[in-house]
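# Remarks on the overall topology
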Amino acid sequence: MEESTYCGTTDAFDKELSVLNHCDSRKMTNKGKLSQRERRKGRSSRQWSSQCPSNISKHVFSNSDKKGRASSTYSLRQIGENLSSCFTDKKDAFQVVHPNRSRPKKEQTIVLIDEDESQILEMTEQEDKLAESMKGAKITYPSRDDPESIEICYADVDCLAPEGFLTSTIMNFYIRYIQQQASPTNRAICDYHVFNTYFYKKLTEAVSYKGNDKENFFVKFRRWWKGVNIFQKAYVLIPIHEDLHWSLVIICIPNKEDESGPIILHLDSLRLHSSQSIFQNIKCFLKEEWNYLGQEVTPSDLPIADHIWKQLPRRINENAIAVPQQKNDSDCGLFVLFFMERFIEGAPERLKKKDLAMFGKQWFKPEEASGLRAKIRKILVNEFHKPCVVDHISESFPLSTSEGNDSD
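Residues numbered from 1 in each chain as written. Predicted model: local features only at pLDDT ≥ 70, side-chain atom pairs only at ≥ 80, totals over all residues. Heavy atoms only, no water.

## A word on the overall build of the protein chain
In terms of regular secondary structure, the protein chain is built from 15 helices and seven strands. Of all 408 residues assigned to the protein chain, the portion counted as buried reaches 40%. Put simply, 69% of the contacts in the protein chain that link residues at least 6 apart link residues at least 24 apart. Accessible surface computed for the protein chain: about 24,600 Å², of which carbon and sulfur atoms make up 48%. (Helix = DSSP H or I, 4+ residues; strand = E, 2+ residues; numbered from the N terminus. Buried < 20%, exposed > 50% of the residue type's maximum accessible area, 1.4 Å probe, protein only. Contact = heavy atoms within 4.5 Å. Areas by Shrake-Rupley, 256 points an atom, 1.4 Å probe, with all protein chains shown as cover.)

## As for the pairing of strand E5 (residues 245–252)
Side chains on a regular strand alternate between the two faces of the sheet. Extensive coverage of E5 is indicated by the burial of eight of its eight residues. Burial along E5 is two-sided: His 245, Ser 247, Val 249 and Ile 251 and Trp 246, Leu 248, Ile 250 and Cys 252, pointing in opposite directions, are all buried. Looking at chain direction, strand E4 (residues 235–242) and E5 are connected through eight bridges and run antiparallel. Looking across to E5, one finds that Ile 240 is bridged to Ser 247. Between E4 and the antiparallel strand that follows it, E5, lie two residues; Asp 243 among them carries a positive phi value of about 55 degrees. Pairing of E5 with strand E6 (residues 263–267), which is carried by five bridges, proceeds in the antiparallel orientation. Paired with Ile 250 across the bridge in E6 is Leu 265. (Pairing = 2+ DSSP bridges.)

## Side note on the environment of Glu 289
As for its position among the elements, Glu 289 is in helix H10 (residues 275–293). Residues Glu 289 and Arg 222 lie 67 residues apart in sequence; the distance between their C-alpha atoms is 8.5 Å. Leave out the neighbours within four places in its chain, and Glu 289 touches Phe 218, Arg 222, Trp 225, Ile 230 and Phe 231. A distance of 2.9 Å separates a polar atom in the side chain of Glu 289 from a polar atom in the side chain of Arg 222. (Polar contact = N/O pair within 3.5 Å; in protein donor to acceptor, adjacent residues only side chain to side chain.)

## What about the environment of Gln 362?
Within the secondary structure, Gln 362 is located in the loop between helix H12 (332–346) and helix H13 (366–370). Separated by 39 residues in sequence, Gln 362 and Val 323 place their C-alpha atoms 7.5 Å apart.

## Some words on the side chain of Ser 275
On the secondary structure map, Ser 275 appears in helix H10. Its relative accessible area of 18% is what places Ser 275 among the buried residues. Not counting the four nearest positions on each side in its chain, Ser 275 is found in contact with His 266 and Ala 320.

## A few points about the nonpolar core
In terms of nonpolar packing, the biggest core is built from 54 residues, with Tyr 235, Leu 265, Leu 267, Ile 376 and Leu 380 touching the most fellow members. With ten residues, the top contributor of residues to this core is H12. Residues within four places of Leu 265 in sequence aside, it is in contact with Leu 248, Val 249, Ile 250, Cys 252, Phe 279, Asn 319, Ile 321, Leu 351, Leu 356 and Phe 359. Judged by nonpolar contacts, the second largest core, of 34 residues, contains Phe 221, Trp 225, Val 228 and Ile 240. (Core = buried A, V, L, I, M, F, W, Y, C linked by side-chain atoms within 4.5 Å.)

## Here we look at the packing of aromatic side chains
For the coordinates displayed, the defined rule picks out 28 aromatic pairs. Residues Tyr 209 and Phe 217 carry aromatic rings whose centres are separated by 4.1 Å and whose planes lie at 5 degrees to one another, so their mutual orientation is stacked. With relative accessibility at 28%, the residue Phe 217 sits in the partly exposed group. For the pair Phe 231 and Trp 309, a centre-to-centre distance of 5.1 Å together with 85 degrees between the ring planes defines the contact as edge-to-face. Taken together, the residues Phe 231 in the loop between helix H9 (214–221) and E4 and Trp 309 in helix H11 (residues 306–310) connect sequence positions 78 residues apart. Across the pair, exposure class does not vary: Phe 231 and Trp 309 are buried alike. (Phe/Tyr/Trp six-rings, centres within 6.5 Å; stacked < 30°, edge-to-face > 60°.)

## Structural notes on the packing of helix H8 (residues 199–207) against H9
Direction vectors running N to C along H8 and H9 enclose 165 degrees, while the axes themselves pass 10 Å from each other. When the axes of H8 and H9 are compared, the pair comes out roughly antiparallel. In the packing of H8 onto H9, the handedness of the crossing is left-handed. Taken together, the residues of H9 that come into contact with H8 (itself represented by Phe 199, Lys 202, Leu 203, Glu 205, Ala 206 and Val 207) are Lys 214, Phe 217 and Phe 221. Class assignment of the residues belonging to the contact of H8 with H9 gives a composition of six nonpolar, no polar and three charged. (Axes fitted to C-alpha atoms, helices over the stretch in contact; angles between N-to-C directions. Parallel < 35°, antiparallel > 145°, perpendicular 65-115°, else oblique. Left-handed = near helix turned anticlockwise from the far one by under 90°. Nonpolar A, V, L, I, M, F, W, Y, C, P; charged D, E, K, R; others polar.)

## Considerations on the side chain of Thr 197
Relative to the assigned elements, Thr 197 resides in the loop between strand E3 (192–194) and H8. On the basis of relative accessible area, Thr 197 is assigned to the buried category, the value being 7%. For Thr 197, the side chain forms a polar contact with the side chain of Ser 168, separated by 3.0 Å. In contact with Thr 197, other than residues within four places in its own chain, are Ser 168, Met 171, Asn 172, Pro 239 and Trp 246.

## Considering the confidence of the model for the protein chain
When pLDDT is averaged across the protein chain, the result is 75; 60% of the residues are at 70 or more. Between residues 1–7, whose pLDDT stays under 50, and residues either more than four places distant or in other chains, the model counts two contacts. In this model residues 390–408 is a low-confidence stretch, pLDDT under 50, and it forms 18 contacts with partners more than four residues away in sequence or in other chains. (pLDDT = per-residue confidence, 0-100.)

## As for unusual backbone geometry
Here Tyr 141 and Pro 142 are connected by a cis peptide whose omega angle stands at -5 degrees. Relative to the assigned elements, Pro 142 resides in the loop between strand E1 (138–141) and strand E2 (150–153). Look at Asp 243: it is not a glycine, yet its phi comes out positive at around 55 degrees. In this fold, Asp 243 is placed in the loop between E4 and E5. The class of Asp 243 is exposed, set by a relative accessible area of 72%. Unlike most non-glycine residues, Glu 259 shows phi in positive territory, near 55 degrees. Tracing the backbone shows Glu 259 in the loop between E5 and E6. Residue Glu 259 is classed as partly exposed on the basis of its relative accessible area, which comes to 42%.

Here's what the structure looks like:
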């Protein structure tokens, strides 16, 4: 009985142990030859170390059920001897699962990281430490001496993360950036006026004011464009933020030769804002300004024909422009900024009705507008890394001792 059990067990495990032929460069033979199936099952030592023990364990249990405890005990001893001869110098490369599924108390986990992954992890850690150390940093763009400068905190950059909604701070920064980058020799650029993102809300309050001192209220409101004659400009750009969405209004003042009054354009990348409501507010604004200037300005000082100026409230045109549409819910601010940038680059000195053909859904690819997210972020990060800013941060938040926290 013992001899037959011994022979049966040996035959059953010869096939299982043949997997070891790639570890010790020896071939386990069964009746002098290795079957084609067993050749295909050969694997690298790394693959075997993670998979083979479990297979052996399963085989042990199946045979122990059929042959009894004695054959199981011998099988484990035989496996142990072969494993020991194969991995004498590599005993930490695998773990053997015992029949009772217990594991050795002392375990060693090996994590393999290639050189590129290591560098990426190191760079990410450095960027996180830098961002943490600069959370309290502020810059003034373009400079403290600029009356229209924008103060930006490093934390404001967070809204430029994927799917982030642009804040007024970031919108106003890039509006100033466009103006700073514009060529002073471009006459069309010199003849436009851009309001910041807070203007439209004040405009709606002014035109809807019902008090007895409405005229005085509007005079105070005019401080927003002090020293600027709106009707002398070729273009007036007004970003609009309502109901968590951005859109853009462009007021165009044609030449006298065009025999046309102002043209109000509304550009919306999701068509969420009511163009008619916006047109009504802008018309009221232009009428109030026209009433105010009627006492101070003569038609000869304006690019508008005399007979058009006298009937200006009735000669204002409006047009909801078809433009490329955004493909998500978060890029509306980027589209407004790209509308501005693209329009300023290609606008004629004075817009004529025929020039409206420059717009349309093929005006640009939506991906171009969405791409502003990475561009603006890069510009801002560079601004924060200028020597004067870095020196200031180093004094307040030494990079070598900065530690991360969970606060936003």
